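# Summary of structural features
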Amino acid sequence: MTVRRVVPNVRSAAMRENREFYGLLGLEEVMNLGWVMTLASPTNPTAQIGVMTDDRTGPVVPDLSIEVDDVDAVYAAVRDSGAEIVHPLRDEEWGVRRFFVRDPNGRVINVLTHRREPGEVDG
């Protein structure tokens, strides 16, 4: 299993203000769905922060997102370990497959992979 990136998530209703503040630190908006925005470094695109007003399909705003190459294998391992699944594995309309799990500290982790279209390759 390969980890592609780890992204801290900040819950906030102040999307514009966060975009401006983190812009002062060199991060730029790379995705904005209105309720979730990703800010990233233009020179190191895996250096990111997520800002969320809420999670439209999950029960809570996750504390952290971890993108992996095989979310199904991670889900099976986590489920078999007995860890608490907070949100079941599912495909989301915005192109990710994900689930939420609670870590030993009580933090909710969003584990995801981006779905690829047939024939699509990493760029």
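See above for the structure.
Since this is a predicted model, take the numbers as computed values, not measurements.

## Examining the side chain of H87
Along the chain, H87 turns up in strand β6 (residues 85-91). The exposure class of H87 is buried, given its relative accessible area of 5%. For H87, the residues in contact, after removing those within four places along its chain, are T57, G58, P59, E92, F99 and F100.

## Section: the pattern of salt bridges
Under the definition given, this model contains 13 salt bridges. The salt bridge involving D91 is made with R97; its shortest N-O contact spans 3.0 Å. Overall, D91 belongs to the partly exposed group, its relative accessible area being 42%. Overlapping salt bridges bring together D55, R90, E92 and R98 as one network.

## So, the layout of surface pockets
Think of a ball as big as a water molecule: rolled over the atoms, this probe shows where empty space is left. In this structure, the largest pocket spans a volume of roughly 500 Å³. Contributing to the lining of the largest pocket are 25 residues, with R5, M31, T38, L112 and H114 lying nearest its centre. At the level of elements, β1 (3-11), β3 (36-40), β4 (48-52), β5 (64-68), β7 (96-102) and β8 (108-114) are the ones that each hand at least two residues to the lining of the largest pocket. For the lining of the largest pocket, the per-class residue count stands at 12 nonpolar, eight polar and five charged.

## Points about helix α2 (residues 71-81)
Of the positions making up α2, those classed as buried are V71, V74, Y75 and V78. Buried positions in α2, seen along its axis, are confined to an arc of 100 degrees and lie on one side of it. Packed against the buried residues of α2 are β5, β6, β7 and β8.

## Some remarks on the pairing of β1
Examined bridge by bridge, β1 and β5 share five bridges and lie antiparallel to one another. Bridge pairing in β5 places V6 opposite I66. Pairing of β1 with β4 involves three bridges; the strand directions are parallel. What sits directly across from N9, in β4, is G50.

## So, the environment of A47
With respect to the secondary-structure elements, A47 resides in the loop between β3 and β4. For A47, a relative accessible area of 31% puts it in the partly exposed group.

## Describing helix α1 (residues 15-24)
All of the buried residues along α1 are M15, N18 and Y22. The buried side chains of α1 occupy one side of the element, clustering within an arc of 60 degrees when seen end-on. Elements that come into contact with the buried residues of α1 comprise β3 and β4. Residue G26 follows α1 closely and has a positive phi angle near 95 degrees.

## What about the environment of Q48?
Tracing the backbone shows Q48 in strand β4. You can call Q48 buried: its relative accessible area is 15%. Not counting chain neighbours up to four residues away, the residues in contact with Q48 comprise R5, V7, P8, T38, L39 and A40. Of note is the side chain of Q48, whose polar atom sits 2.8 Å from the backbone oxygen of P45.

Conventions and cut-offs
Residues numbered from 1 in each chain as written. Predicted model: local features only at pLDDT ≥ 70, side-chain atom pairs only at ≥ 80, totals over all residues. Heavy atoms only, no water. Helix = DSSP H or I, 4+ residues; strand = E, 2+ residues; numbered from the N terminus. Buried < 20%, exposed > 50% of the residue type's maximum accessible area, 1.4 Å probe, protein only. Contact = heavy atoms within 4.5 Å. Salt bridge = Lys/Arg side-chain N within 4 Å of Asp/Glu carboxyl O. 1 Å grid on protein atoms, 1.4 Å probe; cavity = no way out; pocket = protein on both sides within 12 Å on 5 of 7 lines; lining within 4 Å. Points joined across faces, edges and corners; volume = space filled by probe spheres on them. Nonpolar A, V, L, I, M, F, W, Y, C, P; charged D, E, K, R; others polar. Arc of directions from axis to C-beta. Pairing = 2+ DSSP bridges. Polar contact = N/O pair within 3.5 Å; in protein donor to acceptor, adjacent residues only side chain to side chain.

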